[in-house]
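Here's the letter readout for the chains.
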Amino acid sequence: NAGVTQTPKFQVLKTGQSMTLQCAQDMNHNSMYWYRQDPGMGLRLIYYSASEGTTDKGEVPNGYNVSRLNKREFSLRLESAAPSQTSVYFCASSEWGGPNYGYTFGSGTRLTVV
Amino acid sequence: ELKVEQNPLFLSMQEGKNYTIYCNYSTTSDRLYWYRQDPGKSLESLFVLLSNGAVKQEGRLMASLDTKARLSTLHITAAVHDLSATYFCAVDITNDMRFGAGTRLTVKP
């Protein structure tokens, strides 16, 4: 039962570098999400994808782009990393209806921008 | 704008004691979640509350939802050390789940 898989688990970037965080789910969920978690705060939604082929901004989208590559995969890209983007990033997926509802989270990517 | 407020933010308890964590939210929603997070780990789903008056229990934890008061509670009964973690409530409005800041619970012998 892999659930939601994120890579990498840790990353250090220099200011201005770019990188892509990868996320894949094997539960056949339609919706996928990217959150960031900063110390002393709950998770904040960056972007989400309600279904394959669609993406929408969340609460804190600035400085990020996303791609819903297919139903399984949803990537998050930082084009020009800034120290303010130092955070822990969580990918999640969800499905509604039937006995299975709610969100399943990946194990997180700890990103440091220096 | 949907706001979710938890209190307390920090809670230190003695083993065997009872306590309640409160979660208030500002906009009508029928979906309220409670999650547990251990240090350095991901979020583990504890409860999903889908309707007014919903009550769910798992072991020493019980969650309830009052949609009219926009309030959910997480009650801890006879706390044990293994319950030490950060607990988050979250409210979902169609693909926009907003989290509270979390309650860091420490259970001491």
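These numbers come from a predicted model, not from an experiment.

Attention now goes to the nonpolar core. Leu32(B), Trp34(B), Leu74(B), Ile76(B), Tyr87(B) and Leu105(B) are the most contacted members of the largest nonpolar core, which totals 25 residues. Secondary-structure elements contributing two or more residues to this core are β2 (10–14), β3 (19–25), β4 (32–37), β5 (43–49), β7 (61–66), β8 (71–76), β9 (85–92) and β11 (103–108) of chain B. The dominant element in this core, judged by the number of residues it contributes, is β9(B), at four residues. Ranked by size, the runner-up nonpolar core spans 20 residues in total, among them Ile46(A), Ala81(A), Tyr89(A) and Val113(A).

Taken as a whole and judged by the stated rule, the model has six salt bridges over all chains. Ionic pairing is found between Glu59(A) and Arg98(B), a salt bridge with its closest N-O pair at 3.8 Å. One end of the pair, Glu59(A), is in the loop between β6 (56–57) and β7 (65–68); the other, Arg98(B), is in strand β10 (residues 97–99), on a second chain. Taking the relative accessible area as the measure of exposure, Glu59(A) reaches 32% and is therefore partly exposed.

All right, on to the pairing of strand β11 (residues 109–113) of chain A then. Residues and elements named next belong to chain A. Residue alternation in β11 divides its side chains into a buried set, Thr-109, Leu-111 and Val-113, and an unburied set, Arg-110 and Thr-112. Where strand β2 (residues 10–13) and β11 come together, four bridges link them in parallel fashion. Residue pairing across strands places Phe-10 opposite Arg-110, the latter belonging to β11. Across three bridges, the pairing between strand β9 (residues 87–95) and β11 is antiparallel. When the bridges of β11 are listed, Val-88 appears paired with Arg-110.

Attention now moves to unusual backbone geometry. One can expect most non-glycine residues to show negative phi and most peptide bonds to be in trans. Residues Thr7(A) and Pro8(A) are joined by a peptide bond in cis, for which omega reads -10 degrees. Inspection of the secondary structure puts Pro8(A) in the loop between β1 (4–7) and β2. A cis geometry characterises the amide bond from Asn7(B) onward to Pro8(B), with omega recorded as 0 degrees. Its place among the elements puts Pro8(B) in the loop between β1 (4–7) and β2. For Asn28(A), which is not glycine, the phi torsion reads 60 degrees and is therefore positive. Within the secondary structure, Asn28(A) is located in the loop between β3 (19–25) and β4 (31–37). Even without being glycine, Ala78(B) reaches a positive phi, approximately 50 degrees. For Ala78(B), the position within the fold is in the loop between β8 and β9. Ala78(B) sits in the partly exposed class, given a relative accessible area of 23%.

Parameters and conventions
Residues numbered from 1 in each chain as written. Chains lettered and ligands numbered in written order. Predicted model: local features only at pLDDT ≥ 70, side-chain atom pairs only at ≥ 80, totals over all residues. Heavy atoms only, no water. Core = buried A, V, L, I, M, F, W, Y, C linked by side-chain atoms within 4.5 Å. Buried < 20%, exposed > 50% of the residue type's maximum accessible area, 1.4 Å probe, protein only. Helix = DSSP H or I, 4+ residues; strand = E, 2+ residues; numbered from the N terminus. Salt bridge = Lys/Arg side-chain N within 4 Å of Asp/Glu carboxyl O. Pairing = 2+ DSSP bridges.

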